[in-house]
Amino acid sequence: MGEHFTGGQKHLDHFLRGYEKKLIAAFLPLVPSWMGTVTLTLLTFLWSALIVLSGYLSVKNINWLWGFSACIFVQHITDMLDGEIGRRRNTGLIKWGFYMDHFLDYVFTCAIIAGYSFLLPPAYFPLVLLCLGVCGGFMVHILMDFSITGDFKISFNRVGVAEARYFLIVLNTALIVFGTGLFVAFFPFIVLISCVALAVIVCKSQKTYALLDKNVLKQKSE
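Residues numbered from 1 in each chain as written. Predicted model: local features only at pLDDT ≥ 70, side-chain atom pairs only at ≥ 80, totals over all residues. Heavy atoms only, no water.

A. Geometry of the overall build of the protein chain. Scanning the protein chain for helices and strands turns up seven helices and four strands. Reading the helices (α) and strands (β) of the protein chain from amino to carboxyl end gives β-α-α-α-α-α-β-β-β-α-α. Going through the 222 residues of the protein chain one by one, you find that 37% of them count as buried. Taking the intrachain contacts of the protein chain between residues at least 6 apart in sequence as the baseline, contacts between residues at least 24 apart amount to 85%. Carbon and sulfur atoms make up 70% of the accessible area of the protein chain, which amounts to about 13000 Å² in all. (Helix = DSSP H or I, 4+ residues; strand = E, 2+ residues; numbered from the N terminus. Buried < 20%, exposed > 50% of the residue type's maximum accessible area, 1.4 Å probe, protein only. Contact = heavy atoms within 4.5 Å. Areas by Shrake-Rupley, 256 points an atom, 1.4 Å probe, with all protein chains shown as cover.)

B. Quick look at the pattern of salt bridges. Applying the stated criterion across every chain yields a total of three salt bridges. Between Arg88 and Glu84 there is a salt bridge, with the nearest N and O atoms lying 2.9 Å from each other. Highlighted residues: Arg88 and Glu84, both in helix α3 (residues 64-89), separated by four residues, approximately one helical turn. Residue class for Arg88 comes out exposed when judged on its relative accessible area of 59%. (Salt bridge = Lys/Arg side-chain N within 4 Å of Asp/Glu carboxyl O.)

C. Focus on helix α2 (residues 37-57). Compared with an ideal rise of 1.5 Å per residue, which puts 21 residues at 30 Å, α2 spans 31 Å between its outermost C-alpha atoms and is within 8% of the ideal. Turning to α2, its buried residues are Thr37, Leu40, Thr41, Leu43, Thr44, Trp47, Ser48, Ile51, Ser54 and Gly55. Each element contacted by the buried residues of α2 is listed here: α3 and α4 (94-117). (Expected span 1.5 Å × (residues − 1).)

D. Inspection of the packing of aromatic side chains at higher detail. Counted by the stated rule, this structure contains eight aromatic pairs. Their ring planes at 75 degrees and their centres at 5.5 Å tell us that Tyr56 and Phe118 sit as a pair that is edge-to-face. Within this pair, whereas Tyr56 is found in helix α2, its partner Phe118 is found in the loop between α4 and α5 (125-149), the two being separated by 62 residues in sequence. Following the ring pairs from residue to residue traces out a cluster consisting of Phe68, Tyr116, Tyr124, Phe183 and Phe187. (Phe/Tyr/Trp six-rings, centres within 6.5 Å; stacked < 30°, edge-to-face > 60°.)

E. Structural detail: the side chain of Ser48. Within the secondary structure, Ser48 sits in helix α2. Residue Ser48 is classed as buried on the basis of its relative accessible area of 5%. Not counting residues within four places of it along the chain, the set of residues in contact with Ser48 comprises Val107, Phe108 and Ala111.

F. Broad picture of the environment of Ile72. On the secondary structure map, Ile72 appears in helix α3. Assessed through its relative accessible area of 0%, Ile72 is described here as buried. Separated by 90 residues in the primary sequence, Ile72 and Ala162 place their C-alpha atoms 10.0 Å from one another. Dropping the residues within four chain positions of it, Ile72 is found in contact with Ile51, Phe108, Arg165, Leu168, Ile169 and Asn172.

Written as structure tokens, this is what we have:
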């Protein structure tokens, strides 16, 4: 990954892509000159800590989930703006941005799962660990697929990170209105569906990569 590093060129094909462009256009003029791509990227540490705190406090007062949702939304904004600011100001931090942005995506994912874990009974701890492992599996797949194909795809069937974020905001709203009982009942099914989705993606992907290998061997033998 030298001169032609393509990690900064994401394959963005998801339902909310048009909406994201409008958000960037709306918030970009509000970014002060002293706030650069590094600051915007590292703010994810703050949003992650606040999400864990909001999840912990929501056990006694469910309205803290509003703060949880606010952190998800604000992190969405700063996550989009860091790359856009970097491109417009030509900071040149492409590899740093690629590394830190996706490392912090994992940190943020862990924070979200930790925040929700406070709302679940202790017996669900193995499921929480499984959920964390599956989320990590999706991230490993994305990065490994990029290393093989050179195409940085961050969505599956037009469902990407943005759609996942807003699903969680809707989920939090439902938990505030209807209580956490529904979440406790459906969390095992959410984890199960996630496991099946990861298994399907891995199964399809390994077949694709095996075919690539066979084509290479065929070309060498000709």
